[in-house]
Amino acid sequence: MSDPSRRPKRRMMHTSDVHLGAYDYGSGGEQRDHHHERFIRVIDVGIRENVDFTVIAGDFFDNARVFEDTLQFAADQIARMKSPVVIGPGNHDHVGPNSVYDRLDFATHAPNLSILRVPEGETVALESLDVEVWGKSHTEQLPDFQPFTKSPPRGDAAWQIGVGHGHFIHPKALLHHSFHIREDHLMETERDYIALGHWEQMTRVSAGELTTAAYSGAPEGLGHGSTVGGRVLIVDLHEDGSVELTAHSLDDEPALAHNDIPYLEAM
Ligand SMILES: [Mn+2]
């Protein structure tokens, strides 16, 4: 067990809801190229910021019928990172029967990629970094799937990261959304940082005193044809155990510091 009072300094990138392949059919090549360019810029930020690892919090692919080209593009971009990348699949890119992740040999094309494939949750150990990433994978559209219930205790690595895909909701919310994530679920994980996906807006969410949690938002909102909101989160894991977010623009706008990233109440 590492000394919890002093940990190795690490830097991660957090993105989600890329929806690669959303424009493969029927929208023309230009929109598809533009969409792919957004993900190229995400990878560019990760390389520029020299991140130690990356977590993609679901809906990386839009559907399981994306073009072969799109699968290869995704693998090529991930491989360009060189450092480890972990995907926690969401409702659009679920694991199990007919999974998009079974269509390409990602282990060969992107050897730095790990895909969480267990609906009950599994942990990927990035041993050289003293980091572990835990998360549950979506299998199909099961509305009562809850990404953060029954989390296992912290592992032995210095840094414990959670990843999940769903709606952050208030305990008294009308339960019309699927894939519920509640503040108490996040607190009970006792993770240092939780990478969330499913919401297209970048926002921090409340997860108790000891856990930082945020939605990275989508690099590009679908259907808007604009670049508004195109950001990616850089997560600095400091030696004193603190976690600091910086929202980097994909469009050369100024980065947003931790406290400037909106903090939203549960819906
Ligand atoms: Mn989703």
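What you see is a predicted model, and the numbers here were worked out from it, not measured in a lab. All chains use their own residue numbering, which begins from 1 and follows the written sequence. A pLDDT threshold of at least 70 governs which residues receive local features in this predicted model, and a stricter bar of 80 or more applies before side-chain atom pairs are shown or counted, although totals over entire chains, interfaces and linings include all residues. The basis for every side-chain value is the complete set of non-hydrogen atoms in the structure, without hydrogens or water.

### Observations regarding the coordination of the manganese ion
So, point 1. A donor here means any N, O or S atom no more than 2.8 Å from the metal (3.2 Å for Na, K and Ca); water is not included, so a site may seem to lack partners. At 2.1 to 2.2 Å from the manganese ion lie its protein donor atoms, namely Asp59 (OD), Asn91 (OD1), His165 (NE2) and His198 (ND1).
So, point 2. Mapped onto the polypeptide sequence, the residues donating to the manganese ion form the spacing pattern D-x31-N-x73-H-x32-H. Here Asp59 is found in the loop between strand S2 (53–56) and helix H2 (68–81), whereas its partner His165 is found in strand S7 (residues 159–165), with 106 residues between them in sequence. As far as the burial class goes, Asp59 and His165 line up, both buried. Strands are runs of DSSP state E lasting at least two residues, helices are runs of H or I lasting at least four, and both sets are numbered from the N terminus onward. Burial classes follow relative accessibility: with a 1.4 Å probe on protein chains only, a residue under 20% of its type's maximum area counts as buried, one over 50% as exposed, and anything between as partly exposed.

### Points about the side chain of His258
So, point 1. For His258, the position within the fold is in the segment after strand S15 (256–257).
So, point 2. Looking at His258, its side chain comes within polar contact range of the side chain of Arg204, at 3.4 Å.
So, point 3. It only takes one pair of heavy atoms within 4.5 Å for two residues to be counted as in contact. Ignoring sequence-local partners within four residues, the contact set of His258 consists of Arg204, Thr212, Val243, Glu244 and Leu245. Nitrogen and oxygen atoms within 3.5 Å of one another constitute a polar contact, given that in protein one can donate a hydrogen and the other can accept it, and given that sequence-neighbouring residues count only through two side-chain atoms.

### A word on the pairing of strand S10 (residues 193–197)
So, point 1. Taking burial as the measure, the five residues of S10 include five buried ones, the bulk of the element.
So, point 2. Alternating residues of S10 divide into Tyr193, Ala195 and Gly197 and Ile194 and Leu196, and every residue in both groups is buried.
So, point 3. Here five bridges tie S7 to S10, and the two strands are oriented parallel to one another. Paired with Val163 across the bridge in S10 is Ala195.
So, point 4. Relative to strand S12 (residues 212–215), S10 runs parallel, the two sharing four bridges. Across the sheet, Leu196 pairs through a bridge with Tyr215, a residue of S12. Between any two strands, at least two bridges found by DSSP are needed for them to pair.

### Considering the sheet that holds strand S11 (residues 203–205)
So, point 1. Judged by pairing direction, the sheet is mixed, and its six strands sit side by side in the order S5-S6-S7-S10-S12-S11 without closing on themselves. Two strands close off the open sheet at either side, each with one partner strand: strand S5 (122–126) and S11. Shown here is a sheet whose adjacent strand axes are inclined to one another by a mean of 25 degrees, direction ignored. Lines fitted to C-alpha atoms define the axes here, with helix axes fitted over just the stretch in contact, and angles between the N-to-C directions of these axes take values from 0 to 180 degrees.

That is the geometry; function is a separate question.
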